[in-house]
Amino acid sequence: MTVQELPGAGASHRSTPPPAWRPRTDAAPLLPDPEPYRVLGTPAADRLDPELMRRCYAELVRGRRYNAQATALTRQGRLAVYPSTVGQEACEIAAAMVLEEQDWLFPSYRDTLAAVARGLDPVQALTLLRGDWHTGYDPREHRIAPLSTPLATQLPHAVGLAHAARLRGDDVVALAMVGDGGTSEGDFHEAMNFAAVWQAPVVFLVQNNGFAISVPLAKQTAAPTLAHKAVGYGMPGRLVDGNDVAAMHEVLSEAVRRARSGGGPTMIEAVTYRIEAHTNADDATRYRGDAEVEAWKAHDPVELLERELTARGLLDEAGIQAAKDAAEAMAAALRDGMNAEPVLDPMDLFGHVYAQQTGQLREQAAILRAELEAADQEEGDGS
Amino acid sequence: MTTVAVKPSATKPATMAQALNRAMRDAMAEDPTVHVMGEDVGALGGVFRITDGLAKEFGEDRCTDTPLAEAGILGAAVGMAMYGLRPVVEMQFDAFAYPAFEQLISHVAKMRNRTRGAMPLPITIRVPYGGGIGGVEHHCDSSEAYYVATPGLTVVTPATVEDAYGLLRASIASDDPVIFLEPKRLYWSKADWSPETPAAVPGIGEALVRRTGTSATLITYGPSLPVCLEAAEAAREEGWDLEVVDLRSLVPFDEETVVASVRRTGRAVVVHESGGFGGPGAEIAARVTERCFHHLEAPVLRVAGFDIPYPPPMLEKYHLPGVDRILDTVARLQWEN
């Protein structure tokens, strides 16, 4: 049986075409570029804004140092775990830099660097990973949503917040970050669909770093690119070199502009690579080879920009040193903050479950308080 | 309170459905941050017509037909609440809410806690639940055990027209997320109730003695309350004078009202449609036993739905706790001793 012979195949038997009730999108062109968009090392770099690029450079150097310090703190046992963004700094930095003060960032658990680049104190950004509380900052104060550990679940939040802001007439854009693995989750689909239907001022940034822990992209999706997924929802999909901070900044800025001006959501796939393991609990040698890692190291986001700027005479040794010094100062402050023992109040366990504590929680709080007092007493007797 | 003109048909007697509708209308009229959202809540007014007329009166931005995606609906509501709105979300049927469970458990229930109180989420999640309407598979679950097992959620369920209005207003006004379980077989139950001057009802977390008695206490909520009241009337023929406590709120649980009642009567039966194993009745029986052991004349018994997947409509009458099963259980309360 051919396709033509299948029952219901083809519409040739119809005397009149069916009524056209389907909504049509006019948000063309939706299809992503065939190759990741690049600026650094191309003629497009001629139009780079030197001041902006020097700021990007300083942020990249600081980001690299932040990654190194956080990894060191993990080895020292100061952090329970740290998901590194070495190699992905351009994505993290650009995401933070394109947002205005009133905008909101929705990071995943890996995106602490984006939060830091947005201005959050690194110690507050790492509270979750140190383990003294789940969120170490007031989301409203910094307009950074709590780091989301479940995959893609923060994306519908970004859509809802952006939608609410627009309903209230506020000029607010939400930028939501997710990894390649997260694009397989149902919440990714639902968020993309809601955003497009509502034309919410949202930017979805997918950092495709090659692996969801150990599972490579080829086992994650059969789509030509992740950016293609945008087309089905009726929003533009952009494919961009995630290690090229200039390209990232440009594409993200354009998407934020579109969202801000009522043009609706955009999905951006940043093609990048996680140079280090998923976390310190992961052994990356079990699922990828050295040659691949070395090839990506040769496409390093910090070096790409440094080469471009020094070749163009936009950055000199003094500029490089100044960036390093600022990064060292940040690392020192982070070490100091992390080496100070966090002050924990066990009674906090019961303090924030409900606006008004239930009778059951009051009883349980009393049990813990009695245990703590007994322990204090014992300690006092022993000394 | 803003007064809104009411059609004559909406005055007494009123149904629970009308009271729920009125609660949302009044809340939306008083507070511009209240937004109703869900599948079919707009032009259709919801499949049970609970949101009837809201989109027309307040516009589609305040009463929004969303795409058909429960995780997306609740997830978007989280973001809206983060920005200062008070979303009232409709989950069309009990079993349709399950795709939203990750949002519910990982975010809705925990946001206040994980932000140390900085970001409470005032979301009301309306879930039509329970059986007795002849619904087909996936339309009649009693899902309350899942909700009460999740810290951070408030779980309420009205059994009367007055409570439908009062508890929904209280839920929308709550700064915490509330699972608002609507016993769908009581949607069309009627009472003399005036939407013009709705009587004040006790707030969330207070149980009510709906019928006083001396022989034993029936502890129940939601769809099982009318069944228990009927059983209590029938029990008079057997010589039992049953007290009936309507919990109204499963979390917070009003232990004091329950304990005081059982200490008075010395005997207790918990009645609910939800399965007995790991159901709310197990928790209540344990608590009553702990607090009333020396006052009890008999073990605390339970009349629950069977521990089976919800049956097909033609068999549901064999599953749901009815008057006879309640009376048979009351008869087992060691009266002869």
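Up top you'll find the structure we're talking about.
Residues numbered from 1 in each chain as written. Chains lettered and ligands numbered in written order. Predicted model: local features only at pLDDT ≥ 70, side-chain atom pairs only at ≥ 80, totals over all residues. Heavy atoms only, no water.

Draft legend 1. Structural view of the overall build of chain B. Looking only at helices and strands, one finds 12 helices and 14 strands in chain B. Compactness check: chain B gives a C-alpha radius of gyration of 20 Å against a globular reference of 20 Å for 337 residues, within 12% of the reference. When its C-alpha atoms are laid out on the principal axes, chain B stretches across 65 × 50 × 40 Å. The buried share among the 337 residues of chain B stands at 63%. Residue pairs at least 24 apart in sequence account for 81% of intrachain contacts in chain B once pairs closer than 6 positions are excluded. With an accessible surface of roughly 12700 Å², chain B has 53% of that area assigned to carbon and sulfur atoms. If the 30 positive side-chain charges of chain B are averaged to one point and the 44 negative ones to another, these points end up 3 Å apart. (Helix = DSSP H or I, 4+ residues; strand = E, 2+ residues; numbered from the N terminus. Rg over C-alpha atoms; globule rule 2.2 N^0.38 Å. Buried < 20%, exposed > 50% of the residue type's maximum accessible area, 1.4 Å probe, protein only. Contact = heavy atoms within 4.5 Å. Areas by Shrake-Rupley, 256 points an atom, 1.4 Å probe, with all protein chains shown as cover. Lys, Arg positive; Asp, Glu negative; His and termini not counted. Charge placed at Lys NZ, Arg CZ, Asp CG, Glu CD.)

Draft legend 2. Examining helix α7 (residues 161-173) of chain B more closely. All names here are of chain B. Taking 1.5 Å of rise per residue, 13 residues should cover 18 Å, and α7 covers 19 Å from first to last C-alpha, within 8% of that figure. Within α7, 10 of the 13 residues are buried, which leaves the element mostly enclosed by the surrounding structure. Those residues of α7 that fall on the buried side of the exposure criterion are Val161, Asp163, Ala164, Tyr165, Gly166, Leu167, Leu168, Arg169, Ser171 and Ile172. (Expected span 1.5 Å × (residues − 1).)

Draft legend 3. Focus on the sheet that holds strand β3 (residues 202-208) of chain A. Residues and elements named next belong to chain A. Reading across from one edge, β1-β2-β3-β7-β6 is the order of the 5 strands in this open sheet, with parallel pairing throughout. What marks the edges here is a single partner per strand, and that holds for β1 (104-106) and β6 (237-241). The sheet shows a mean angle of 20° between the axes of neighbouring strands, taken without regard to direction. Here β3 runs beside strand β7 (residues 266-271); their pairing, made up of 6 bridges, is parallel. (Pairing = 2+ DSSP bridges. Axes fitted to C-alpha atoms, helices over the stretch in contact; angles between N-to-C directions.)

Draft legend 4. Looking closely at the interface of chain A and chain B. Taken together, the 42 residues of chain A in the interface contact 47 residues of chain B. Buried area between chain A and chain B, both sides added, is near 3700 Å², and the carbon and sulfur share of it is 59%. Put simply, chain A and chain B have 1 salt bridge between them. When the shortest N-O distance is used, the salt bridge between Arg116 of chain B and Asp348 of chain A registers 3.1 Å. The interface formed by chain A and chain B includes 21 residue pairs in polar contact (both at pLDDT 80 or more). Counting residues per element, the side of chain A that touches chain B draws most heavily on helix α7 (residues 154-167) of chain A, which supplies 8 residues. (Buried area = accessible area lost by both parts, 1.4 Å probe. Salt bridge = Lys/Arg side-chain N within 4 Å of Asp/Glu carboxyl O. Polar contact = N/O pair within 3.5 Å; in protein donor to acceptor, adjacent residues only side chain to side chain.)

Draft legend 5. Structural context of the environment of Leu296 of chain B. All names here are of chain B. Its place among the elements puts Leu296 in the loop between α10 (280-292) and β14 (301-305). Residue classification places Leu296 among the buried residues on the basis of a relative accessible area of 17%. For the pair Leu296 and Asp65, spaced 231 residues apart in sequence, the C-alpha to C-alpha distance is 52 Å. Ignoring sequence-local partners within four residues, the contact set of Leu296 consists of Val262, Gly266, Arg267, Val288 and Thr289.

Draft legend 6. Structural context of the packing of helix α8 (residues 225-235) of chain B against helix α12 (residues 323-331) of chain B. Residue and element names in this part refer to chain B. With their axes 9 Å apart at the nearest point, α8 and α12 run at an angle of 55° to one another. By the angle between their axes, α8 is oblique relative to α12. The element α8 and its partner α12 pack so that their crossing is right-handed. Mapping the contact onto sequence places Val227, Cys228, Glu230, Ala231, Ala234 and Ala235 in α8 and Val323, Ile326 and Leu327 in α12. A class-by-class count of the residues in the contact of α8 with α12 yields 8 nonpolar, no polar and 1 charged. (Parallel < 35°, antiparallel > 145°, perpendicular 65-115°, else oblique. Left-handed = near helix turned anticlockwise from the far one by under 90°. Nonpolar A, V, L, I, M, F, W, Y, C, P; charged D, E, K, R; others polar.)

Draft legend 7. Molecular detail of the nonpolar core. Phe204 of chain A together with Met82, Ile123, Tyr147 and Leu247 of chain B are the most contacted members of the largest nonpolar core, which totals 88 residues. The greatest single-element share of this core, amounting to 8 residues, is contributed by helix α3 (residues 70-82) of chain B. Membership of the second largest hydrophobic core comes to 69 residues, among which are Leu48, Leu113, Leu147 and Val203 of chain A. (Core = buried A, V, L, I, M, F, W, Y, C linked by side-chain atoms within 4.5 Å.)

Draft legend 8. Representation of the sheet that holds strand β9 (residues 208-211) of chain B within the structure. Residues and elements named next belong to chain B. The 5 strands are arranged β9-β11-β10-β13-β14 in an open sheet whose pairing can be described as mixed. This sheet does not close on itself; its edge strands, each paired only once, are β9 and β14. Each adjacent strand pair in this sheet contributes to an overall mean axis angle of 25°, direction not counted. By the bridge criterion, 3 bridges tie strand β10 (residues 216-220) to strand β13 (residues 268-275) in an arrangement that is parallel. Looking across to β13, one finds that Thr217 is bridged to Ala268. Sheet strands in contact with α12 are β10, β11 (242-246), β13 and β14, and its direction is about 160° off that of β14.

Draft legend 9. Local environment of the pairing of strand β2 (residues 174-179) of chain A. Residues and elements named next belong to chain A. Burial within β2 is extensive, with 5 of its 6 residues counted as buried. Alignment of β1 against β2, held across 3 bridges, turns out to be parallel. Within β2, the residue paired with Phe106 across the bridge is Ala176. Alignment of β2 against β3, held across 6 bridges, turns out to be parallel. In the sheet register, Val178 faces β3, and the bridge partner there is Val206. The handedness of the β2 to β3 crossover, carried by helix α8 (residues 186-198), is right-handed. (Right-handed = clockwise from strand over helix to strand, strands pointing away.)

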